[in-house]
Amino acid sequence: MLKQIDLYIQEVTRRLPEEMREDIALELRSTIEDMLPEEVLEEDVKAILSQLGNPAVLANGYLDRPMHLIGPKYFDVYTSLLKIIIPITLAISLITLIGKTIVTSTGEEALYSIIFSIVSKGIWQLLITGMQTAFWITLIFAIIERTDKVRDNIPLTMNFKKWTPDDLKNISYIPKKKAITKLHVFGSFLWTAIWASVYFNASSLFGIYESQSDGFKFISSAFNQEVLFSYWPLVTLVIVLEVAFAIYKGFAGQWTKKVAVVNALLQMTILVAFIVIISNNELWNDTFLTYINETAQFTEQVKNWAYQSIIVTFIIFTVIDIIEGFRKSRITKKYF
């Protein structure tokens, strides 16, 4: 029976700093002896030790520190920040990878090999970036948890204050079909990064490839890169507007009339830029046009039809996008 008490005290004190062990051992032994009856039975010792509880929990009580990494007080804020920050870091990481891969391309690789390189490297890079971001956020909250002098388990809101009914005044109900999700914003950033990288490196990506025993050899570019570069102020403007609109949508969180109007203006700007660039007769490389004429025997009428079809298709998709934005902005709120 005495051995059980000694073992219990040992299990408690071994979890404490060296300078605290002797005093806590004496205090704990005195407490147990006061609780024991005059005639001590094994069942009495077990009952008292059960009442005192797990040695690890008791030792933690002496230390006055949490046993969890992130407790209930900060857990909701912690998970909310993870959901906000991780997608942003993943988007930046993927955008950087796409731009770097395309810019460093020698122009001799086939398009599919560049895509395969982005996918294979992207999976690993996203995994590493996500883990590093989660690690640092977790570390910060673990430090906050252990330096907080107010010990309670009342969850905090995103402004690090205790929740009150007044917080509901700052929240608006957003129907599912009206909401702008983080995935949608992430996709907007990703799409801008892809088409911008492709645009400024189109001469090394699209063109005529010749199959050889050791792979594909790049013969001629489809585009005149100098012509594409000449429109860099217009293209840069579109990139800035797209990025700004993606950020704006992220903060708005839902489709409103204002968001729909801004989206319509942006889509019209993109449409005008696209028509201006594609209508340039010097856009296509002469070698590429000669090859197409010889192999496909395109007449001038067919080429004009192709140009018109591309422009009409772009206009249709632009109109659909604009209409869809206004449709979502008119979705009414339905409360439960």
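The residue count restarts for each chain, going from 1 along the sequence in the order it is written. Totals for whole chains, interfaces and linings use all residues, but because this is a predicted model, local features are given only for residues with pLDDT of at least 70 and pairs of side-chain atoms are given and counted only at 80 or more. For side-chain calculations, the full set of non-hydrogen atoms in the structure is used, while hydrogens and water are omitted.

1. Concerning a nonpolar patch on the surface
The criterion, for reference: Here, patches come from residues exposed beyond 30% relative accessible area and free of salt bridges, joined within 9 Å for like charges and within 5 Å for nonpolar side chains (Val, Leu, Ile, Met, Phe, Trp, Tyr). Note that accessible areas follow from Shrake-Rupley with a 1.4 Å probe, and for residues the cover is restricted to the protein chains shown. One side-chain nitrogen of Lys or Arg within 4 Å of one carboxyl oxygen of Asp or Glu is enough to make a salt bridge. For the purposes of this entry, the term helix denotes a DSSP run of H or I that reaches at least four residues, the term strand denotes a run of E that reaches at least two, and both are numbered from the N terminus. Think of it in three bands: residues with accessible area under 20% of the maximum for their type are buried, residues over 50% are exposed, and the middle band is partly exposed, with areas taken using a 1.4 Å probe on protein chains only.
On the surface, a cluster of nonpolar side chains totalling about 330 Å² of accessible area is made up of Ile84, Ile85, Ile88 and Ile92. Here Ile84 shows up in helix 5 (residues 72–103). Ile84 gets classed as partly exposed once you look at its relative accessible area, which sits at 36%.

2. Looking at the packing of helix 9 (residues 232–252) against helix 10 (residues 257–278)
The cut-off we apply is this: Axis definition: a line fitted to C-alpha atoms, over the contacting stretch in the case of helices. Angles run 0 to 180 degrees between N-to-C directions. Convention used here: angles under 35 degrees read as roughly parallel, angles over 145 as roughly antiparallel, angles from 65 to 115 as roughly perpendicular, and any remaining angle as oblique. Throughout, a crossing is termed right-handed when the near helix is turned clockwise from the far one, and left-handed when it is turned anticlockwise from it by less than a right angle. Two residues qualify as a contact provided that any one of their heavy atoms is within 4.5 Å of a heavy atom in the partner residue.
Contact geometry of helix 9 with helix 10 gives a least axis separation of 11 Å together with a crossing angle of 160°. One element, helix 9, and the other, helix 10, form an angle in the roughly antiparallel class. Helix 9 and helix 10 meet at a crossing whose hand is left-handed. Contacts between helix 9 and helix 10 involve Leu234, Val235, Val238, Leu241, Glu242, Phe245, Tyr248, Lys249 and Ala252 from the former and Lys258, Val259, Val262, Asn263, Leu266, Thr269, Ile270, Ala273 and Ile277 from the latter.

3. Observations regarding the packing of helix 2 (residues 18–35) against helix 4 (residues 55–63)
Our working definition: Polar here means any residue outside two lists: the nonpolar Ala, Val, Leu, Ile, Met, Phe, Trp, Tyr, Cys and Pro, and the charged Asp, Glu, Lys and Arg; Gly therefore counts as polar.
At a closest axis distance of 12 Å, the pairing of helix 2 and helix 4 adopts a crossing angle of 120°. For the pair helix 2 and helix 4, the crossing hand works out as right-handed. Residue-level contacts link Met20, Ile24, Glu27 and Leu28 of helix 2 to Leu58, Tyr62 and Leu63 of helix 4. For the contact of helix 2 with helix 4, a count of residues per class yields six nonpolar, no polar and one charged.

4. Things to note about the packing of aromatic side chains
Note the cut-off: Two rings from Phe, Tyr or Trp (for Trp, the six-membered ring) form a pair when their centres are within 6.5 Å of each other. A pair whose planes differ by under 30 degrees is stacked, one over 60 is edge-to-face, and the rest are tilted.
Following the criterion strictly, the structure yields six aromatic pairs and no others. Residues Tyr78 and Phe141 carry aromatic rings whose centres are separated by 5.6 Å and whose planes lie at 65° to one another, so their mutual orientation is edge-to-face. Placement of Tyr78 in helix 5 and of Phe141 in helix 6 (residues 111–147) is noted, with a sequence separation of 63 residues between them. Side by side, Tyr78 and Phe141 carry an identical accessibility label, which is buried. With a centroid separation of 5.1 Å and an interplanar angle of 75°, the aromatic rings of Phe135 and Trp136 are classed as edge-to-face. Look at Trp136 and you get exposed, because its relative accessible area is 51%. Among the aromatic residues, ring-to-ring pairing joins Tyr74, Phe75, Tyr78 and Phe141 into one connected group.

5. Here's the deal with the side chain of Asn263
Inspection of the secondary structure assignment puts Asn263 in helix 10. According to the relative accessible area criterion, Asn263 is buried, its value standing at 3%. Contacts of Asn263, omitting those with residues within four sequence positions, involve Phe245, Trp255, Asp321 and Ile322.

6. Some details on the pattern of salt bridges
For the coordinates displayed, the defined rule picks out six salt bridges. For the salt bridge of Arg327 with Glu324, the shortest nitrogen-to-oxygen distance reads 2.7 Å. Here Arg327 pairs with Glu324, and both are found in helix 12 (residues 300–329), just three residues apart, close to one helical turn. Owing to a relative accessible area of 38%, Arg327 belongs among the partly exposed residues under this scheme. Under the relative-accessibility criterion, Glu324 is labelled partly exposed at 30%. One continuous salt-bridge network, built from bridges that share partners, spans Glu11, Arg14 and Arg15.

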